[in-house]
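# Observations on the three-dimensional arrangement
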Amino acid sequence: MSLIKKLESAPYRTTGNVKAARERSLEDVIETVRERILESHADLVMEARVTRSKRNEVLALVSEVIVSGDLYVSRLTRKDLAERIVQELCGLGPIDEFLDDPGVTEIMVNGPNDVYIERDGVIQKTPVRFAGEQHVLELINRIVGSAGRRVDKSSPYVDARLPDGSRVNAVIPPLSLSGPVLTIRRFPRRYSTLDELVSLGTVEPRVAEFLKTCVETRLDIVVSGGSGTGKTTTLNVLANLSEKSERVIVIEDSSELRLSLDHVIYLQTRPESVEGKGRVTVRDLLRNALRMRPDRIIIGECRGAETFDLISAMNTGHEGCMSTVHANSTRDCLSRLTAMSLMAQESVPLNVLESWIGSAVDVIVQQARASGGARRIVEVSLVGVSDGTLRLATVYDSENRRFCKELPAFFSGKVRKEVAERLEEAVNALVRGDAP
Ligand SMILES: Nc1ncnc2c1ncn2[C@@H]1O[C@H](COP(=O)(O)OP(=O)(O)O)[C@@H](O)[C@H]1O
Ligand SMILES: [Mg+2]
């Protein structure tokens, strides 16, 4: 009989003198088993913390220790006990169950007795309890410890990241008057292919096909939209359409993008230290990236002066760059790009700056949130310059169904002949309504 079966078939301690049974508190049993297992199988436990499938091996070991040590906790079957112990050893203890639920986007532990979650956008209190403040504190240190950090009286708050990319913040007494507080923001579900966006209704098939051509012809693309409209998701999908072998450098304030390409380097900014030193900005990283022989540069979001450097990079032969901008329309996006570039170069006359932007950016993809929570690509426009002025041509508009009928002259002059030919065909297909 397997150990698990044995545990199931003898759920409660049934033999022998109950007084002599080694009934102890849950924490006590967990501690005993933890010590025994870490003594002999620390590596396996570490592995199981990252790879969930390894947990069954730990469960088997835990079951063995429970049976051989005749350990028992009232009100818990031995199977439940074994699972609780595995959660403590390899997972996030009492809040581990929430990690399996894709609907849970946020887990908030406000001291040992108040645990809230956000599920499908609704914040709710859960019946979950920790054994005490020490228990919460241990969990916090286990989580942040894997990132080489620690919380204690001298550094009572910390940020860290779980192996799946979820963000963790913890703040403990004396800064917190509510006991140790832990906030986990789940790494949001990422749609990573155009097909997924098509099946979600985010993008029409023919528009998807057009965007694919834009990436393949190495146009410089900006995804624009309000906050939470799915810009980062679309950026991720578009960047994923790069050639597998391209050397792609990703620059972000906080790591969100995950590309399924072979040759990707992720760079992340750093805030200044408590002494006010060591700050590294998107601008710094972008300048550094230019010396790294990139095939493409992807900037998670342009928020300020780095916009100028991105525009400059696009204008100095760095093709296929992509980024996102927080703006509510395509026009608004161009104004934002201009205003943010001015943060870096106040002395450049506005019309000069605008024509730089016009020759740098090729495509603006406008994204919006539809009723019912759906995200849509509502507009795709080509950007260029003619007679020194910034020009914009909408090739797709979900509302007005207004398209330019052919590749605008200002645009075909901007790209190589063979690229112009491919795009001409792509624009025609879009107008005809061709879908793959
Ligand atoms: N195409 C989509 N369809 C449905 N939900 C989406 C889509 N794109 C993103 N989301 C969801 O919307 C939220 C915000 O997405 P994100 O890409 O981070 O937006 P932004 O970068 O505009 O703030 C995430 O929870 C994500 O799962
Ligand atoms: Mg974003």
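Each value, and the rule that gives it
- Just so you know, the residues in each chain are numbered from 1, in the order the chain's sequence is written.
- Chain letters start at A and ligand numbers start at 1, both assigned in the order the entries are written.
- Since the coordinates come from a predicted model, pLDDT governs what is reported: local features require at least 70, and pairs of side-chain atoms require 80 or more to be given and counted, while whole-chain, interface and lining totals use all residues.
- Hydrogens are left out, water is left out, and the side-chain values use all remaining heavy atoms of the structure.
- Put plainly, a pocket is an open set of points on a 1 Å grid over the protein atoms alone with protein on both sides within 12 Å along at least five of seven lines, a cavity is a set where a 1.4 Å probe fits but cannot get out, and a lining residue has an atom within 4 Å of a point.
- Grid points are joined across faces, edges and corners, and a volume is the space filled by probe spheres set on the points.
- Numbering of helices and strands starts at the N terminus; helices are DSSP runs of H or I of at least 4 residues and strands are runs of E of at least 2.
- Source of the domain bounds: an automatic or database domain assignment.
- Whether two residues touch is decided by their heavy atoms; if any such pair falls within 4.5 Å, the residues are in contact.
- Note: buried area is the sum, over both parts, of the accessible area (probe 1.4 Å) each one loses when the two are combined.
- What makes a salt bridge here is a side-chain nitrogen of Lys or Arg within 4 Å of a carboxyl oxygen of Asp or Glu, nothing more.
- The definition of a polar contact used here is a pair of N or O atoms within 3.5 Å, where within protein one atom must be able to donate a hydrogen and the other to accept one, and adjacent residues in sequence count solely through side-chain atom pairs.
- Planes of paired rings set the category: under 30 degrees apart is stacked, over 60 is edge-to-face and the rest tilted, where pairs are Phe, Tyr or Trp rings (Trp by its six-membered ring) whose centres lie within 6.5 Å.
- Note on classification: 1.4 Å probe, protein chains only; a residue is buried when its accessible area is under 20% of the maximum for its type, exposed when over 50%, partly exposed between these limits.

### Focus on the layout of surface pockets
- Estimates place the volume of the second largest pocket at around 920 Å³.
- Taken together, 34 residues form the lining of the second largest pocket, with Arg149, Asp159, Gln268, Arg270 and Pro271 sitting closest to its centre.
- Breaking the lining of the second largest pocket down by element, the ones donating at least two residues are strand 6 (157-161), strand 7 (167-171), strand 8 (181-185) and helix 10 (282-289).
- When we break the lining of the second largest pocket down by domain, the ones giving at least three residues each are domain 2 (95-185) and domain 3 (194-432).

### Regarding the domain arrangement of the protein
- Taken as a whole, the protein is organised into domain 1 (3-91), domain 2 (95-185) and domain 3 (194-432).
- The interface of domain 1 with domain 2 comprises 10 residues on the first partner and eight residues on the second.
- Taken over both partners, the interface formed by domain 1 and domain 2 buries close to 760 Å², and the fraction arising from carbon and sulfur atoms is 37%.
- A per-residue breakdown of the area domain 1 buries against domain 2 is headed by Arg52, Glu88 and Gly91, which together make up 48% of the total.
- The tally of links between domain 1 and domain 2 comes to two salt bridges.
- The residue Asp96 makes a salt bridge to Arg55 at a minimum N-O spacing of 2.9 Å.
- Summed over the shared surface of domain 1 and domain 2, the number is four residue pairs in polar contact (both at pLDDT 80 or more).
- Those elements that provide at least two residues to the side of domain 1 that touches domain 2 are helix 2 (26-50) and helix 4 (78-90).

### Points about the packing of aromatic side chains
- Tallied over the full model, the rule gives two aromatic pairs.
- Geometrically, the ring pair formed by Phe308 and Trp356 is tilted, given 6.0 Å between the ring centres and 55° between the ring planes. On the criterion of sequence distance, the pair formed by Phe308 in helix 11 (residues 306-315) and Trp356 in helix 13 (residues 350-360) is long-range, its members being 48 residues apart.
- Taking the relative accessible area as the measure of exposure, Phe308 reaches 12% and is therefore buried.
- Classification of Trp356 by relative accessible area gives partly exposed; the value is 35%.
- Taking 6.5 Å as the distance between ring centres and 80° as the angle between the ring planes, the aromatic pair formed by Phe410 and Phe411 counts as edge-to-face. Across this residue pair, the class does not change: Phe410 and Phe411 are buried.

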